[in-house]
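# A closer look at the structure
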Amino acid sequence: MTTQFDPELLYVECSRCGQPILWGHGMTSKLLRMAGIDMATLDERCVIMSEGCPACQPGETSFTTQVIRLNREKDDRTTQPAAAN
Ligand SMILES: [Zn+2]
């Protein structure tokens, strides 16, 4: 029983414009491989931050990516206060 996490399911966000990035299937795996990130260490709590995206950097095809792991610990409630008004 091998349940390998599919890196294509990871949420990718652009760190420049803050938009979620939806790129072609296989792109996330490709970028992770290029960045030398071990996909076996990834799970659904990871998000990928990209230094730019096709929306804010048209013509660019390769982006520097960084994997952020979200901690779901009970004390990890240090979210920024939302200005809700
Ligand atoms: Zn962007």
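A tally of regular secondary structure across the chain gives 1 helix and 3 strands. Listing the helices and strands of the chain from first to last along the sequence gives β-α-β-β. Once local pairs closer than 6 in sequence are excluded, the contacts in the chain between residues at least 24 apart make up 56%.

Let us now look at the nonpolar core. Residues L10, V12, C14, I21, L42, I48, C53 and F63 constitute the largest nonpolar core, which totals 8 residues. If we skip the residues at most four places from it in the chain, C14 touches Q19, I21, S50, G52, C53 and C56.

It is worth spelling out the sheet that holds strand β2 (residues 46–50) at this point. The strand order across the open sheet formed by 3 strands is β1-β2-β3, and the pairing between neighbours is mixed. With one partner strand each, in any of the chains shown, β1 (11–14) and β3 (65–69) form the two edges of the open sheet. Between one strand axis and the next, the sheet turns through 30 degrees on average, direction left out of account. The pairing of β1 with β2 spans 4 bridges and is classified as parallel. Its bridge partner lying in β2, V12 is registered against I48.

What counts, and at which threshold
- Residues numbered from 1 in each chain as written.
- Predicted model: local features only at pLDDT ≥ 70, side-chain atom pairs only at ≥ 80, totals over all residues.
- Helix = DSSP H or I, 4+ residues; strand = E, 2+ residues; numbered from the N terminus.
- Contact = placed C-beta atoms within 7 Å.
- Core = buried A, V, L, I, M, F, W, Y, C linked by C-beta atoms within 7 Å.
- Buried ≥ 20, exposed ≤ 12 C-beta atoms within 10 Å, placed from the backbone.
- Pairing = 2+ DSSP bridges.
- Axes fitted to C-alpha atoms, helices over the stretch in contact; angles between N-to-C directions.

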